[in-house]
Amino acid sequence: MKVNQLEVFCLVAEKESFSEAARLMYLSQPSVSFQIQALENELGVKLFNRTKQGISMTAHGKTYYRYAKEMVKLNKQAKSLISSYQKGKLHVNLGVESGVGNYVVPLFLEQLRRFNDNLVVTCYISNSFDINERLQKEILDIAISSTENYERKNLWVGALLDEKIVLVLPADYWSKNNESFEVDELLDIPLVMREKGSGIRETIEQRLIKSGLSLKNLDIAVEIADNQAIKELVISGFGGALLPEGSIEREAQLGLLRAYPCNEAIFNFSVNLITTKRKREQEPLKNLLDQLVNSGLVKNGSKMIIREPYQAG
């Protein structure tokens, strides 16, 4: 069996044990020790401190581990991709911003299947900062994101969905018959907010600045990295939240929450499909993206709606 030196190193680092790594990889302990020593000789540094009490990574080892782990992951993805090609399948690594992922992804994947029955999609969900970083490194093939804070120079961007951020409150929070809200009314409501690095939070912050406010002016009671948890807190009467309209449709229809659009259009934004320009021209991804554009599902520079907008009331 061919031994992957980087995989051996990563497993030893994670288990902090030569013997445990050997057991998990079905290798002898001397074989594992030999691989680590060979890697240390190649790099010219010690990766592990070896004592009678056990082993621990050196500073060099910790630095190398961060990159080695990523290389092992990329190698596995590449092998999976090649295997998919050999089986006639198109494998796509899709990154999805967590703020819009729970309701956009099912719609988007349903559309993708129309164009390629042999499509295999691996979804990675995280905040917009992480998604953008992985996209730039081409760990991801395409991404769905709402953030406007990315460098467009080497990216292809297609508008996928028109969306708006709405104020979400318990159904009986306001006794008055409000249909919308004024930006200044946010100052009087305790809010549950998405975490820093979230594309939705970035959008809110940018829009507030245009209105002469900032997040510092708001009463932010909790910051949390999950839309579902935010909705549960609002339902419990904790306060309000600013969320994409599409993410609260089910709760609104059940009467658990009510969504109030802003009386100004400042909270309107676009959910985009993004890839690097280099990836955009590579087959077979190019063919798939061309089909999406030609069908009108995705348009560069304009906004497409792939769902019926929710009507509050």
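Residues numbered from 1 in each chain as written. Predicted model: local features only at pLDDT ≥ 70, side-chain atom pairs only at ≥ 80, totals over all residues. Heavy atoms only, no water.

### Let's talk about the environment of Asp172
Turning to its location among the elements, Asp172 is positioned in the loop between strand S6 (155-170) and strand S7 (191-194). The class of Asp172 is exposed, set by a relative accessible area of 67%. For Asp172 and Gly255, which are 83 residues apart along the polypeptide, the C-alpha to C-alpha distance reads 9.5 Å. (Helix = DSSP H or I, 4+ residues; strand = E, 2+ residues; numbered from the N terminus. Buried < 20%, exposed > 50% of the residue type's maximum accessible area, 1.4 Å probe, protein only.)

### With respect to helix H7 (residues 199-210)
Since there are 3.6 residues in each turn of an α-helix, residues three or four apart along the chain are aligned in direction. With 12 residues, H7 extends 17 Å from end C-alpha to end C-alpha; this agrees with the ideal 16 Å at 1.5 Å per step. Turning to H7, its buried residues are Gly199, Ile200, Arg201, Glu202, Thr203, Ile204, Arg207 and Leu208. The distance from a side-chain oxygen at the start of H7 to the backbone nitrogen of Ile200 is 3.2 Å, and the residue carrying that oxygen is Ser198. Looking one or two residues past H7, Gly212 carries a phi angle of roughly 85°, positive in sign. (Expected span 1.5 Å × (residues − 1). Polar contact = N/O pair within 3.5 Å; in protein donor to acceptor, adjacent residues only side chain to side chain.)

### Some points on the side chain of Ser126
Its place among the elements puts Ser126 in strand S4 (residues 119-126). A relative accessible area of 15% places Ser126 in the buried class. In terms of polar contacts, Ser126 uses its side chain to reach the side chain of Asp130, at 2.8 Å.

### A few points about the packing of aromatic side chains
The final tally for this structure, using the stated rule, is 6 aromatic pairs. Judged by centre distance (6.1 Å) and plane angle (65°), the ring pair of Phe18 and Phe48 falls under edge-to-face. Pair noted here: Phe18 is in helix H2 (residues 18-24) and Phe48 is in strand S1 (residues 48-51), with a separation of 30 residues, a long-range link. Residue placement shows Arg280 over the ring face of Trp156; its charged tip is 4.9 Å from the ring centre. (Phe/Tyr/Trp six-rings, centres within 6.5 Å; stacked < 30°, edge-to-face > 60°. Lys NZ or Arg CZ within 6 Å of the ring centre and 35° of its normal.)

### Re the side chain of Ser145
Mapped onto the secondary structure, Ser145 falls in strand S5 (residues 142-145). In terms of polar contacts, Ser145 uses its side chain to reach the side chain of Glu97, at 3.0 Å. Contact partners of Ser145, with chain neighbours within four places excluded, come to Glu97, Ser128, Ser270, Val271, Asn272 and Ile274. (Contact = heavy atoms within 4.5 Å.)

### As for the pattern of salt bridges
Evaluated as defined, the whole model comprises 12 salt bridges. Between Glu20 and Arg23 there is a salt bridge, and its shortest N-O distance comes to 2.7 Å. Of this pair, Glu20 and Arg23 both sit in helix H2, 3 residues apart, which is roughly one turn of that helix. Overall, the relative accessible area of 26% leaves Glu20 in the partly exposed class. Using a relative accessible area of 53% as the deciding quantity, one classes Arg23 as exposed. Note that Arg194 and Glu195 form a salt bridge whose closest N and O atoms lie 2.9 Å from each other. (Salt bridge = Lys/Arg side-chain N within 4 Å of Asp/Glu carboxyl O.)

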